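Coordinate analysis (summary)
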Amino acid sequence: MNKKKVFIFAYARTNVGDDLFIVTLLEKFKDIDFYIEVKRLEYAKAFEAYENITIIEKDQENFDNRIAEDYDGYIYVGGSIFMEGGKVYNLDEGCNYFMKQCHKKDIPFFYLSSNYGPYQTQKYYNLSQDTFKNCTDICFRDTYSYKLFKDIPTVRYAPDLIFNTEKDNIYTKKDTIGISVIDMSIRKNLTQYESTYINCMICNIIDYIKQGKEVYLFSFCKEENDEKAIENIIKQIPEQYIKNVHKVYYDGNIKDYIKKYKSMEYMICCRFHSMILSVAYEQKMYILSYSRKINNVVKDLSLVQKYMNIEDLQKTTTIDLKDFIAIDTNKLYKLKSKAKKQLEKVEEWITKND
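What comes next concerns the included structure. Only a predicted model underlies this, so the values are computations on that prediction, with no experimental measurement involved.

Quick notes on the rules
- Residues numbered from 1 in each chain as written.
- Predicted model: local features only at pLDDT ≥ 70, side-chain atom pairs only at ≥ 80, totals over all residues.
- Heavy atoms only, no water.
- 1 Å grid on protein atoms, 1.4 Å probe; cavity = no way out; pocket = protein on both sides within 12 Å on 5 of 7 lines; lining within 4 Å.
- Points joined across faces, edges and corners; volume = space filled by probe spheres on them.
- Helix = DSSP H or I, 4+ residues; strand = E, 2+ residues; numbered from the N terminus.
- Nonpolar A, V, L, I, M, F, W, Y, C, P; charged D, E, K, R; others polar.
- Disulfide = S-S within 2.5 Å.
- Buried < 20%, exposed > 50% of the residue type's maximum accessible area, 1.4 Å probe, protein only.
- Phe/Tyr/Trp six-rings, centres within 6.5 Å; stacked < 30°, edge-to-face > 60°.
- Lys NZ or Arg CZ within 6 Å of the ring centre and 35° of its normal.
- Salt bridge = Lys/Arg side-chain N within 4 Å of Asp/Glu carboxyl O.
- Contact = heavy atoms within 4.5 Å.
- Pairing = 2+ DSSP bridges.
- Right-handed = clockwise from strand over helix to strand, strands pointing away.
- Arc of directions from axis to C-beta.
- Axes fitted to C-alpha atoms, helices over the stretch in contact; angles between N-to-C directions.

1. Structural notes on the layout of surface pockets
- Space inside the largest pocket adds up to approximately 1500 Å³.
- Lining the largest pocket are 45 residues, and of these S80, M83, R187, E224 and K293 lie nearest its centre.
- Listing elements by their share of the lining of the largest pocket, those giving two or more residues are helix 1 (16-28), helix 4 (143-148), helix 8 (272-280) and helix 9 (292-301).
- Of the residues assigned to the lining of the largest pocket, the class counts are 15 nonpolar, 16 polar and 14 charged.
- Considering only enclosed or pocket space, the second largest pocket measures out at about 700 Å³ in volume.
- Together, 23 residues line the second largest pocket, and T24, E27, N164, T165 and E166 are the ones closest to its centre.
- Where the lining of the second largest pocket is concerned, the elements lending two or more residues are helix 1, helix 7 (254-261) and helix 10 (329-339).

Structure below.
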């Protein structure tokens, strides 16, 4: 029996969260032959060792000139993939046409673990409705997005796919604090807070070091200037503290990166999937939110009672260690169970067609 050929649409840019999405699919569905296009082969380092994926170096990140029958099915896995004006595989007329071709020819197309927006125009929203009606399944990761399209039968909700990341063999380094850093300069609505954010991080880093902690600054994506933001912070830290500050950059070696991440005793989560991973690993965490997509998930799942928006930071805002909270184990178990539903429809299709 021939294996199914499934094409993956994703933000393949050596980004921790998106690479974890892809790896999760590869490990879950080992009998599927997956295919993915990347602009540069170096972007595929996290999954190039897997035997069930074919990596195609190709500079095409849209739906134009694609032939639906080339594959048995399609999976688009990604978080903020429905931002109006987005650049990577964005929802547009080309996407809408391709989706209708898949629907007409009974070729399944699944959207996994996404959130919707921000969007500015009714035209984009109407196009989204028309597109979603023709896809096989779309499982949002927040209820805000789900409620926008809940009347469409193919639309569902389940917590983020990465909540199911296994937490086995966690070795926690005592007296360590990780910070997932983001760059404000590339986010138009946050550029005005860049100086305050950097100064606040420096203030907290020095405070933690004075309390006897080692601080680790985590970059989730070089392409999105995380490393640049880390360098901006480090160059302003007084010399007497610099030996206690460590950089952790992600180069596609996902296992090594995750091993270092989950060894942290405390974590300040600025990145979306930093929050998800810290929940999955039951770390003592504090959420520093830069977007509504984070706030929506925090509220949906009642992850923490106390968190802060970056807009509310002051240069001297300190985050007390007593405000770092680990999720309750029983709550995490229930959350993981719900998150498994992200793949529910994909599994049904595979099982039905075996």
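From this point, the discussion proceeds with the structure in view.
2. Considering the state of the cysteines
- For the structure shown, the criterion picks out zero disulfides.
- Here C95 stays free of any disulfide, with the sulfur of C135 as its closest cysteine sulfur at 9.1 Å.
- C95 supplies the cysteine sulfur nearest to C102, a cysteine that is in no disulfide, at a spacing of 9.3 Å.

3. Quick word on unusual backbone geometry
- Residue P118 is bonded to the preceding G117 through a cis peptide linkage, with omega at 0°.
- Relative to the assigned elements, P118 resides in the loop between strand 5 (109-114) and helix 3 (122-132).
- Look at E282: it is not a glycine, yet its phi comes out positive at around 55°.
- Its location among the elements puts E282 in the loop between helix 8 and strand 12 (284-289).
- Residue E282 is classed as partly exposed on the basis of its relative accessible area of 22%.

4. Section: the packing of aromatic side chains
- For the structure shown, the criterion picks out 43 aromatic pairs.
- Taking 6.0 Å as the distance between ring centres and 20° as the angle between the ring planes, the aromatic pair formed by Y74 and F109 counts as stacked. Of this pair, Y74 sits in strand 4 (residues 73-77) while F109 sits in strand 5, and the two are 35 residues apart along the sequence.
- A residue is classified by how much of its surface remains accessible, and Y74, at 2% relative accessible area, is buried.
- Judged by its relative accessible area of 0%, F109 falls in the buried class.
- When the ring centre of Y35 is taken as reference, the NZ or CZ atom of K5 above it lies at 5.5 Å.
- Its guanidinium or amino end placed over the ring of Y144, R292 lies 4.3 Å from that ring's centre, counting from NZ or CZ.

5. Focus: the pattern of salt bridges
- Within this structure, the stated rule accounts for 23 salt bridges.
- In this structure, the salt-bridge partner of K39 is D59, at a minimum N-O distance of 3.8 Å. On the criterion of sequence distance, the pair formed by K39 in the loop between strand 2 (33-38) and strand 3 (53-57) and D59 in the loop between strand 3 and strand 4 is long-range, its members being 20 residues apart.
- For K39, a relative accessible area of 34% translates into the label partly exposed.

6. Concerning the environment of Y249
- Locating Y249 in the fold gives a position in the loop between strand 10 (245-248) and helix 7.
- Taking the C-alpha atoms as reference, Y249 lies 29 Å from Q342; in sequence the two are 93 residues apart.
- In this structure, Y249 is in contact with S219, E227, I230, E231 and Y257, ignoring residues within four places of it in sequence.

7. Concerning the pairing of strand 11 (residues 264-269)
- Strand 11 sits mainly inside the fold: six of its six residues count as buried.
- Taken together, the five bridges between strand 8 (residues 173-180) and strand 11 define a ladder with parallel strand orientation. Note on strand 11: the bridge partner recorded for S180 is C269.
- Handedness of the crossover is the feature at issue here: the chain leaves strand 11, passes through helix 8, returns alongside strand 12, and the resulting connection is right-handed.

8. Considering helix 11 (residues 344-352)
- Of all the positions in helix 11, only V346, W349 and I350 are classed as buried. Viewed along the axis of helix 11, the buried residues span an arc of 95°, placing them on a single side of the element. Summarising the geometry of helix 11, the exposed residues directed more than 90 degrees from the buried face are T351 and K352.
- On the buried face of helix 11, the contacting elements are strand 1 (5-9), strand 4 and strand 5.

9. With respect to the sheet that holds strand 9 (residues 214-218)
- Spatial strand order, 10-9-8-11-12-13: six strands in an open sheet with parallel pairing. At either end of the open sheet lies a strand with only one pairing partner, and these are strand 10 and strand 13 (308-309).
- Pairing analysis gives five bridges linking strand 8 to strand 9, with the strands arranged parallel. Opposite I179, over in strand 9, you have L217 as the bridge partner.

10. Thoughts on the sheet that holds strand 5
- Taken in spatial order, the seven strands line up as 3-2-1-4-5-6-7 in an open sheet, and their pairing is parallel. Edge positions in the sheet fall to strand 3 and strand 7 (155-157), since each of these pairs with one other strand and no more. The mean inter-strand angle of the sheet, taken between neighbouring strand axes irrespective of direction, is 20°.
- Relative to strand 6 (residues 137-140), strand 5 runs parallel, the two sharing four bridges. Pairing of Y111 across the sheet is with I138, part of strand 6.
- Running at roughly 145° to strand 4, helix 1 makes contact with strand 1, strand 2, strand 3, strand 4 and strand 5 of the sheet.

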